Amino acid sequence: MKTHRFALVVSGAISLGTYEAGVLAQLYQDFEACNRMTRGRARLVIDAIAGASAGSVTGLILAQALALGKSAQDLRAQLRACWVDGLDILALLDPAADPAAAFFTEASIDSVASRVLPEPPSPEAPVRGENVIALWIALTNLDGVQYEIRLTRCWGAGAVSFYPQSYRDYSPFFICGPSIRFVSVPIENITRTTWGACRQSTWDEARDNAVASAAFPLAFRSQVLERDLELYPEYALKFLSNPRIQQWLKEAGLAPTQLQQPRSFNYVDGGVFNNEPIGRAIDAVSYLSCLDPGRVGDPRTYLVVEPDPSTREMATGQIGTAAVGSHGLSPLRVLSKIEQAYFTDTLYRDFEEAAKTNEQLRALEALVKRWDLNPAEVEELKKSVGLARKDVICLERIPIDIPTPGTPRLAGAVFGHFGGFLDRTFREHDFAVGQSEAREWLASWLPAQFDALGLTQVDRDAVQTYLAAVVPPPQRVPTLQEVIGSRGKDIVRCGLDRAEVLAGRWLPIPRPLVRPLRVLLEPVVKALLPGATSARLNWSGALGAFSQTGLGRSIARIACLGLIVLTAVLAGLTWLSGQIAARFGPGAAIVPGAGLGALIILVTWGAYAALRKPAADG
């Protein structure tokens, strides 16, 4: 039996996690079908997954299905329950008073996570190394962990030390059946018996880590996770072992052993620093190879799922477009450029490292052939140049073809990839696109592997027939204007309800001002929505709603009292005009003027009393 192994790299994508869910559901179904058709003569196996952000949640769902041997239908239903059914904008904003320090509520995320990732009820079963799956979850540690970099001074006289903070973090898990372990053993100590040495974990812990990895800053609340500092060798072995650091800790009244105890850190989206965690996937494979050396000889492909890849046209179209002779960019534009530069710079850093490592390994292979080294000497040479446990990687990507710029492909790609949350039809569409492009990739890749897999002609014909079947294409989706026209008012109402709660907590605005501002803002925003029934703002309705707020009633009382004073002055002027008319004209002229003044006073006082009553009742 020949086996081709896959390490999946599932990137961060926010609402485009729906696309990734469609890809993984289709791959799982197609691998299962192909393995069944070859009747054990060849296998396509996913045994390593590295996920960041939305990819961590989707990767964990897939890892559980692989470990428990779930059917393709069960996995598809689970992924749809998470991404198509669960993550809707109105659900994410409910309830408005949720205590989460983020725009989307904590209750909605917890509800979806607990529903789609339940704790398996099965008892722990005997573990065989060849059945273990590795799941590496990328994280961003907001607090950071300090470590030491030491460089030798000139002429070898001592060393210069630097103490940077590392914010890139991850959580590594081994999974086998219903059992799950946190990989708490350095790779140098990984052997066939390592499973028992790894810390016992739970699916709840893995779920908490996946949710933390998907916590996009501000949109979702940050998560607190506990860490054993011995998991950071650069910190525990170098930083704490430095005599000067130990002396500083002693003077500060801290013992190094105290800092080696589990500590709590704040975590957010793993995609902030590691959105395409190919490096984590390579690490996961290295650990698996140490745990089960039998996998080393199997061919392996690193398969990257990237919903919205960059194109050459997108990059070259922005080169040298700055306006000559301008007075500089506005501060907001500068911040936007900095944010774009940061995320673009970090996005493909792991791929650059992988490409450099491939080049170094190929150069090393050429030297090995020239020098005729034995395997032990090769490993010693690789270790001396920092390439221990590294091999040339073969990489594939879904989608296989780079999308044409400007061509609408994924409905949820709008609003910085948050658009899929707006409407279920968007998510249905992107899930279907993921399925279609996964099948397209496999149909192009697998025939080239028939010889390596040793498939008979009968097997080849069966697989080709299966792959030729058409995956249901995505249905037409409504335009963004149509969705906002039909759901916009509900989204605005729920969004402003949530914003009102958060503004009262976060901003230095007196609470009595928050509600009136929200009441005035809502009709303005609704009037600007595409598809609004009228482009004109209903000011009378807006002011009427504003007048029922505490601030509105206070302003109305002040206005009414001012009107009373003004009316009294007007009445005095009317009386005076009557006196003048009596002296210089008919005396009856005073009666209409005084009556008009009295009527104005009575009407104004009645309005004031009417406005005062609701305030007393409220």
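Residues numbered from 1 in each chain as written. Predicted model: local features only at pLDDT ≥ 70, side-chain atom pairs only at ≥ 80, totals over all residues. Heavy atoms only, no water.

1. Details of the overall build of the chain
Our working definition: In this description a helix means any DSSP run of H or I spanning at least four residues, a strand means any run of E spanning at least two, and both kinds are numbered starting from the N terminus. For the exposure calls, accessible area comes from a 1.4 Å probe over protein chains only, and a residue counts as buried if that area is under 20% of its type's maximum, exposed if over 50%, partly exposed in between. Only heavy atoms matter for contacts: two residues are in contact if any of them lie within 4.5 Å across the pair. What sets the accessible areas is the Shrake-Rupley method with a 1.4 Å probe; for residues, cover comes only from the shown protein chains.
A count of helices and strands for the chain gives 25 helices and 12 strands. Looking at the chain residue by residue over its 618 residues, the buried ones come to 43%. Within the chain, residue pairs in contact and separated by at least 24 positions form 78% of the contacts whose partners lie at least 6 positions apart. If you sum the accessible surface of the chain, you get close to 31900 Å²; carbon and sulfur atoms cover 60% of it.

2. Some details on the side chain of S171
Here is the rule we go by: In the analysis that follows, any N or O atom pair within 3.5 Å is treated as a polar contact, provided that within protein one partner can donate a hydrogen and the other can accept it, and provided that, for residues neighboring in sequence, both atoms belong to side chains.
Mapped onto the secondary structure, S171 falls in strand β6 (residues 165-176). Looking at S171, the relative accessible area reads 0%, which means it is buried. Polar contacts involving the side chain of S171 include one to the side chain of N209, which spans 2.5 Å. Apart from the residues within four sequence positions on either side, S171 is in contact with L135, W136, I137, L139, F182, N209 and R227.

3. As for the nonpolar core
Rules: In this description, a nonpolar core means a group of buried Ala, Val, Leu, Ile, Met, Phe, Trp, Tyr and Cys residues linked to one another through side-chain atoms lying within 4.5 Å.
Grouped together as the largest cluster of nonpolar side chains are 94 residues, with contacts concentrated most on L27 and L446. With 11 residues, the top contributor of residues to this core is helix α1 (residues 17-37). If you look at the next biggest cluster of nonpolar residues, it comprises 26 residues, including V132, V183, W195 and Y302.

4. Section: the environment of F216
Within the secondary structure, F216 is located in the loop between α7 (203-213) and β9 (223-227). By relative accessible area, F216 is classed as partly exposed at 27%. Remark: the alpha-carbon pair of F216 and V272, spanning 56 residues in sequence, is separated by 8.3 Å.

5. What to know about the packing of aromatic side chains
The geometry of an aromatic ring pair is captured by two quantities: the separation of the ring centres and the angle between the planes. To keep it simple, the criterion reads: What counts as a ring pair is set by centres within 6.5 Å for rings of Phe, Tyr and Trp (its six-membered ring), and what kind of pair is set by the plane angle: stacked under 30 degrees, edge-to-face over 60, tilted for all other angles. Lysine NZ or arginine CZ positioned within 6 Å of the ring centre and within 35 degrees of the ring normal marks a charge as sitting over the ring.
In total, this model carries 14 aromatic pairs according to the counting rule given. Considering the side-chain rings of F103 and F104, the 5.8 Å spacing of their centres and the 50 degrees angle between planes classify their relative orientation as tilted. Following the ring pairs from residue to residue traces out a cluster consisting of F103, F104, F216, F220, F418 and F421. One Lys or Arg, R80, reaches over the ring of F431 and ends 5.5 Å from the middle of that ring. When the ring centre of Y466 is taken as origin, the NZ or CZ atom of R439, which lies over that ring, is 4.8 Å away.

6. Here's the deal with the confidence of the model for the chain
Applied cut-off: Values of pLDDT, the confidence the predictor places in each residue, fall between 0 and 100.
Residue-level pLDDT values for the chain average 78, and 71% of them are 70 or greater. Within the chain, the lowest mean pLDDT, 49, falls on helix α23 (residues 539-547), and the highest, 95, falls on α1. This model gives residues 533-537 a pLDDT under 50, and the stretch forms 5 contacts once residues within four places in sequence are excluded. Across residues 614-618, confidence stays below pLDDT 50; counting only partners more than four residues off in sequence or on other chains, it has 3 contacts.

7. Some remarks on the environment of L291
Following the sequence through the fold, L291 ends up in helix α12 (residues 278-291). Note on L291: relative accessible area 3%, which makes it buried. For the pair L291 and W195, spaced 96 residues apart in the sequence, the C-alpha separation amounts to 8.0 Å.

8. Quick word on unusual backbone geometry
Here the bond from I398 into P399 is cis, since omega is 10 degrees, no more than 30 degrees from zero. By the secondary structure assignment, P399 is in the loop between β12 (395-398) and α17 (414-417). The phi angle at L218 is positive, at roughly 75 degrees, despite the residue not being glycine. We classify L218 as exposed; its relative accessible area is 68%.

9. Observations regarding helix α3 (residues 72-86)
Heads up, the rule is: Expected span of a helix: the number of residues minus one, times 1.5 Å. Note on bend: at a given residue it equals the angle between the axes fitted to the 7 residues ending there and to the 7 starting there.
Taking 1.5 Å per residue as the helical rise, α3 with its 15 residues ought to reach 21 Å, and the 20 Å between its terminal C-alpha atoms agrees with that figure. Taking the largest bend as the criterion, α3 deviates by roughly 40 degrees, centred on R80. Buried residues of α3: A72, L75, R76, Q78, L79, A81, C82, W83, V84 and G86, and no others. For α3, the secondary structure elements touched by its buried residues are α1, α2 (54-68), α4 (89-92), α5 (106-116) and α18 (424-445).

10. A look at the environment of G279
As for its position among the elements, G279 is in helix α12. For G279, a relative accessible area of 23% gives the class partly exposed. For the pair G279 and A354, spaced 75 residues apart in sequence, the C-alpha to C-alpha distance is 7.3 Å.

11. Observations regarding the pattern of salt bridges
Definition in use: Here a salt bridge means any side-chain nitrogen of Lys or Arg lying within 4 Å of a carboxyl oxygen belonging to Asp or Glu.
Scanning the model with the defined rule gives 23 salt bridges in all. Close ionic contact of R207 with D204 constitutes a salt bridge, the shortest N to O distance being 2.7 Å. Of this pair, R207 and D204 both sit in helix α7, 3 residues apart, roughly one helical turn. According to the relative accessible area criterion, R207 is buried, its value standing at 16%. Judged by relative accessible area, D204 falls into the partly exposed class, the value being 33%. The partner of R295 in a salt bridge is D292, with the nearest N and O atoms 3.0 Å apart. On the basis of relative accessibility, which here comes to 3%, the residue R295 falls in the buried class. Looking at D292, the relative accessible area reads 8%, which means it is buried.

12. Quick notes on α12
The end-to-end C-alpha distance of α12 is 20 Å, a good match for the 20 Å that 14 residues give at a rise of 1.5 Å each. Of all 14 residues in α12, 11 are buried; the element is thus mostly enclosed.

13. Thoughts on the packing of α1 against α2
Note the following rule: Axes here mean lines fitted to C-alpha atoms, for a helix over just the part in contact, with angles spanning 0 to 180 degrees between N-to-C directions. Roughly parallel means an angle under 35 degrees; roughly antiparallel, over 145; roughly perpendicular, 65 to 115; everything else is oblique. Throughout, a crossing is termed right-handed when the near helix is turned clockwise from the far one, and left-handed when it is turned anticlockwise from it by less than a right angle. All amino acids are sorted into three groups, where Ala, Val, Leu, Ile, Met, Phe, Trp, Tyr, Cys and Pro are nonpolar, Asp, Glu, Lys and Arg are charged, and the leftover types, Gly among them, are polar.
In contact at an axis separation of 9 Å, α1 and α2 are set at 20 degrees when each is read in the N-to-C sense. By the angle between their axes, α1 is roughly parallel relative to α2. By crossing handedness, the relation of α1 to α2 is classed as right-handed. Residues G17, E20, A21, L24 and Y28 of α1 form the contact with α2, whose own contacting residues are A54, G55, T58, L62, A65 and L66. Here the contact of α1 with α2 is built from residues that sort into 7 nonpolar, 3 polar and 1 charged.

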